[in-house]
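Letter by letter, the chains look like this.
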Amino acid sequence: MDLRIFTEPQQGATYDTLLAVAKATEDLGFDAFFRSDHYLKMGDVDGLPGPTDAWITLAGLARETSRIRLGTLMTAATFRLPGVLAIQVAQVDQMSGGRVELGLGAGWFEEEHAAYGIPFPKEKFARLEEQLAIVTGLWGTEAGRTFDFQGEYYELKDSPALPKPAQSKIPVLVGGHGASRTPRLAAQYADEFNMPFGSVEDTERQFGRVRAAAEAAGRPADAITYSNVLVACVGKDDAEVARRAAAIGREVDELKANGLAGSPAEVVDKIGRYREIGSRRMYLQILDVHDLDHLELISAEVQAQLP
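A. Spotlight on unusual backbone geometry. Along the chain, Leu48 connects to Pro49 via a cis peptide bond; the corresponding omega equals 10°. Its location among the elements puts Pro49 in the loop between β2 (32-35) and α2 (54-64). Backbone geometry places Ala161, a non-glycine residue, at a positive phi of 55°. Relative to the helices and strands, Ala161 resides in the loop between β7 (155-159) and β8 (172-175). Given the relative accessible area of 3%, Ala161 is considered buried. At Phe197, a position not held by glycine, the phi torsion is positive, near 55°. Assignment of secondary structure puts Phe197 in the loop between β9 (192-196) and α7 (200-216). Given a relative accessible area of 41%, Phe197 falls into the partly exposed group.

B. Structural detail: the nonpolar core. With 78 residues, the main nonpolar core has Leu3, Phe33, Trp55, Trp139, Leu284, Ile298 and Val302 as its most contacted residues. The element contributing the most residues to this core is helix α5 (residues 124-140), with eight residues. Ignoring any residue separated from it by four or fewer positions in sequence, one finds Ile298 in contact with Leu3, Phe30, Ala232, Val234, Leu284, Ile286 and Gln303.

C. Up close: helix α10 (residues 264-276). Relative to the 18 Å expected for 13 residues at 1.5 Å per residue, α10 spans 18 Å between its end C-alpha atoms, a close match to the ideal helical length. All buried positions along α10 are accounted for by Pro264, Val267, Val268, Lys270, Ile271 and Tyr274. The buried residues of α10 all sit within an arc of 165° when viewed along its axis, so they share a single face. In α10, the exposed positions angled more than 90 degrees off the buried face are occupied by Ala265, Asp269 and Glu276. Downstream of α10 by one or two residues, Gly278 has phi in the positive range, about 110°.

D. Examining the pairing of β2 more closely. Burial of the side chains of β2 extends over both faces: Ala32 and Phe34 are buried on one face and Phe33 and Arg35 on the other. Strand direction decides the pairing type here: strand β1 (residues 2-7) and β2, joined by four bridges, are parallel. Residue Thr7 lies in a different strand from β2, and its bridge partner there is Arg35. With four bridges joining them, β2 and strand β3 (residues 69-72) adopt parallel strand pairing. Looking at β3, one finds that Phe34 is bridged to Gly71.

Each value, and the rule that gives it
Residues numbered from 1 in each chain as written. Predicted model: local features only at pLDDT ≥ 70, side-chain atom pairs only at ≥ 80, totals over all residues. Heavy atoms only, no water. Helix = DSSP H or I, 4+ residues; strand = E, 2+ residues; numbered from the N terminus. Buried < 20%, exposed > 50% of the residue type's maximum accessible area, 1.4 Å probe, protein only. Core = buried A, V, L, I, M, F, W, Y, C linked by side-chain atoms within 4.5 Å. Contact = heavy atoms within 4.5 Å. Expected span 1.5 Å × (residues − 1). Arc of directions from axis to C-beta. Pairing = 2+ DSSP bridges.

These figures come from the coordinates and say nothing about function on their own.
Put into structure tokens, the structure is as follows:
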């Protein structure tokens with residue numbers, strides 16, 4: 001079971017803060033540092049000093065880390081044209097020496113689009129499908145050949161399909177709770193399927209849909225890595241768990257029901273339940289990015305106990 005650190009910088013974080021988290025992620029033996037791709041805070045926080053751009057952040061971290069994987073959960077297809085996104089991600093992959101992964105989703109937060117003048121189309125899922133086809137098509141085009149695409153929303157003609165990533169194939173993540181279209185897209189394009197904030201029971205059901213869709217598409221179901229993202233709130237005792245829950249504005253009982261919360265032993269046990277139904281990678285949503293002691297505890301007392 002890989003453990004990855006996942007941050008929500010739109011809630012309030014500078015680049016320097018994210019760099020500190022990423023360096024701790026690397027030093028403490030976690031597998032990867034991922035971040036959300038949002039431009040507006042959510043909920044009752046001030047969000048100061050304001051948003052940071054996901055791919056600019058990852059470009060900086062690519063030069064200041066050496067081992068951890070770097071990626072997004074999830075880049076919104078509404079934010080960038082697919083050709084531009086393919087160039088950006090390929091360049092960051094080169095800058096990192098081949099450590100980048102792309103989580104790509106349809107986009108959903110209408111208010112952030114309005115706040116920054118970003119169009120918010122109705123047909124978001126169909127656009128996402130075309131973006132996946134274009135981004136993977138550009139990267140997969142043989143050097144020296146050109147790439148063309150004619151879709152309902154995007155058209156590319158005689159693209160040189162450059163630059164190429166450092167990796168032979170950048171892993172693509174697709175995720176979500178959708179019962180039909182999401183599994184179909186995952187089966188067609190995803191190297192990893194991520195279930196966000198789902199129970200063990202809901203995760204098992206969704207993993208089954210993705211497996212069935214992959215097999216229907218003639219692809220081995222096990223060719224896809226299955227993962228989860230859950231909020232983390234771990235403490236060495238009840239008082240520390242309560243303190244960390246209060247710091248992120250959450251209740252302990254709710255976190256234990258819906259996330260990875262409690263003592264290290266409780267969290268190891270719950271991760272094991274996800275592992276039993278096929279999850280091989282867990283993204284730990286860290287909402288208090290200033291609490292690096294939290295990462296140290298998880299590394300020493302949770303990660304060390306996982307097979």
